[in-house]
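# Reading the structure
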Amino acid sequence: MSVTALKIIALVFMVVDHIGQFLPDMPIWFHWIGRLSFPIFIFCSTQGFSHTRSKKKYIIRLYLAGVFMELAKRVVFYSFHVIPGFSSPAGVIGNNIFRPLFCLSILYFLIDCFRQKDGSFQKYLLRYGVWQIGAYLLLILLPMVVPITTGFTIFIEFLPTLLGSIFYLEGGWVYLLLGVILYWGKDDRKRLARAYTAFCVVLFLLLFTQFVPHCLAQLIEIFRLPDLYSFFYELCLKAVGIPPAYTPDPTAILFKYYSWMMLGALPFLVSYNGQRGKGWKYFFYVFYPLHIFVLYYIGGILGGAG
């Protein structure tokens, strides 16, 4: 299948997932189907970045799309909530696929520099580290020194996007790691299949065994480090993308922590035939925010009527 065909398939899975997210009383299997979407989009981004004529323009385009999405979803949220009886089951709109794709495009660039033995790799890596650490410190320290108002809260929620931060991403660092793995294996079908399967199996085991919550609990029970526990708990919650809280529910692996079901995307990834397809480059940039806002509106009207 071409990149265009894969994008269309991923788009269908995504719409099903978002119907489950924004419309009331949808079955859980809508989200199971939706887990197949993001890995396919990430794989398409590895191919898109590799074959684009201008990597700089590609990165800037994703950044601007992320900024637009972040602004637009706030305008839509406040605009729709003045409608009498409007009540969305999703609450706020947390979706912004462009942000992790932008962050991945930077990582792809760094990987290319390393592979090509570019003498500037260490300089770029240092700049990237300073950039991300500085953005994180700003996000942490700014609320401590500026009085909290409604306007400031909106601004601070928007700031990670504006700064291009890897924190507060949809899906978290788990998907950044997945993107790096897919970029590493994009030119070798067997290597891609092995690495992707291993990633999904490890993710399943982490979620099924609740390895992270158990490790965090040791910081309290054995090492008596409550502050370090709080730091890593927040890091997992807001950045990593792996749930830090323990749950006694044995069915959570199916009905709550089901991101491992992305394994089902593997047949689509290995079906890539090396062709770009017809493109439709800007169609996806337009369709993504539009379908979310339409579904959010419909869900809010149905939620209010119910």
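Use the structure listed above.
Structure report, in brief. This structure is a prediction, so every number in the text was calculated from the model and none was measured.

Of regular secondary structure, the protein possesses 14 helices and 0 strands. Traced from its N-terminal end to its C-terminal end, the protein shows the element sequence α-α-α-α-α-α-α-α-α-α-α-α-α-α. Rg of the C-alpha trace for the protein: 20 Å, near the compact-globule value of 19 Å for 306 residues, within the 12% margin. If one aligns the C-alpha atoms of the protein with their principal axes, the spans along those axes are about 50 × 50 × 40 Å. Of all 306 residues assigned to the protein, the portion counted as buried reaches 45%. Considering only contacts within the protein whose residues lie at least 6 apart along the sequence, 78% involve residues at least 24 apart.

Under the defined criterion, the tally for this structure stands at 6 salt bridges. The residue Glu70 makes a salt bridge to Arg74 at a minimum N-O spacing of 2.7 Å. Of this pair, Glu70 and Arg74 both sit in helix α4 (residues 55-80), 4 residues apart, roughly one helical turn. Residue Glu70 shares its accessibility class with Arg74, and that shared class is buried.

If you look at soluble globular proteins, the nonpolar side chains tend to sit buried side by side. Ile40, Ile42 and Tyr196 are the most contacted members of the largest nonpolar core, which totals 85 residues. Excluding residues within four positions of it along the chain, Ile42 makes contact with Leu101, Leu104, Tyr108, Tyr175, Leu178, Gly179 and Leu182. In terms of nonpolar packing, the next biggest core, distinct from the first, is built from 5 residues, Leu142, Phe152, Ile156 and Leu159 among them.

Right, let's get into the side chain of Glu70. The exposure class assigned to Glu70 is buried, which follows from its relative accessible area of 6%. A polar atom in the side chain of Glu70 sits 3.4 Å from the side chain of Thr161. Those residues within four positions of Glu70 in sequence are excluded, and the remaining contacts are Asn96, Arg99, Glu157, Phe158 and Thr161.

As a further point, take unusual backbone geometry. Positive phi values are uncommon outside glycine, yet Tyr168 reaches one of about 60°. Tracing the backbone through its elements, the reader meets Tyr168 in the loop between α7 (150-163) and α8 (173-185). When its relative accessible area of 36% is taken as the criterion, Tyr168 is described as partly exposed. Notably, Gln210 is not glycine yet its phi reads approximately 55°, a positive angle. Looking at where Gln210 falls in the secondary structure, it is placed in the loop between α9 (189-209) and α10 (211-221). Gln210 gets classed as buried once you look at its relative accessible area, which sits at 11%.

Where helix α3 (residues 37-51) meets helix α5 (residues 98-115), the axes come as close as 10 Å, and the angle between the chain directions of the two elements is 45°. Considered as vectors, α3 and α5 are oriented oblique to each other. In terms of crossing hand, the pair formed by α3 and α5 is right-handed. Facing Phe38, Phe41, Ile42, Ser45, Thr46 and Phe49 of α3, the residues of α5 in contact are Pro100, Leu101, Leu104, Ser105, Tyr108, Phe109 and Asp112. Within the contact of α3 with α5, the residues separate by chemical class into 9 nonpolar, 3 polar and 1 charged.

Parameters at a glance
- Residues numbered from 1 in each chain as written.
- Predicted model: local features only at pLDDT ≥ 70, side-chain atom pairs only at ≥ 80, totals over all residues.
- Heavy atoms only, no water.
- Helix = DSSP H or I, 4+ residues; strand = E, 2+ residues; numbered from the N terminus.
- Rg over C-alpha atoms; globule rule 2.2 N^0.38 Å.
- Buried < 20%, exposed > 50% of the residue type's maximum accessible area, 1.4 Å probe, protein only.
- Contact = heavy atoms within 4.5 Å.
- Salt bridge = Lys/Arg side-chain N within 4 Å of Asp/Glu carboxyl O.
- Core = buried A, V, L, I, M, F, W, Y, C linked by side-chain atoms within 4.5 Å.
- Polar contact = N/O pair within 3.5 Å; in protein donor to acceptor, adjacent residues only side chain to side chain.
- Axes fitted to C-alpha atoms, helices over the stretch in contact; angles between N-to-C directions.
- Parallel < 35°, antiparallel > 145°, perpendicular 65-115°, else oblique.
- Left-handed = near helix turned anticlockwise from the far one by under 90°.
- Nonpolar A, V, L, I, M, F, W, Y, C, P; charged D, E, K, R; others polar.

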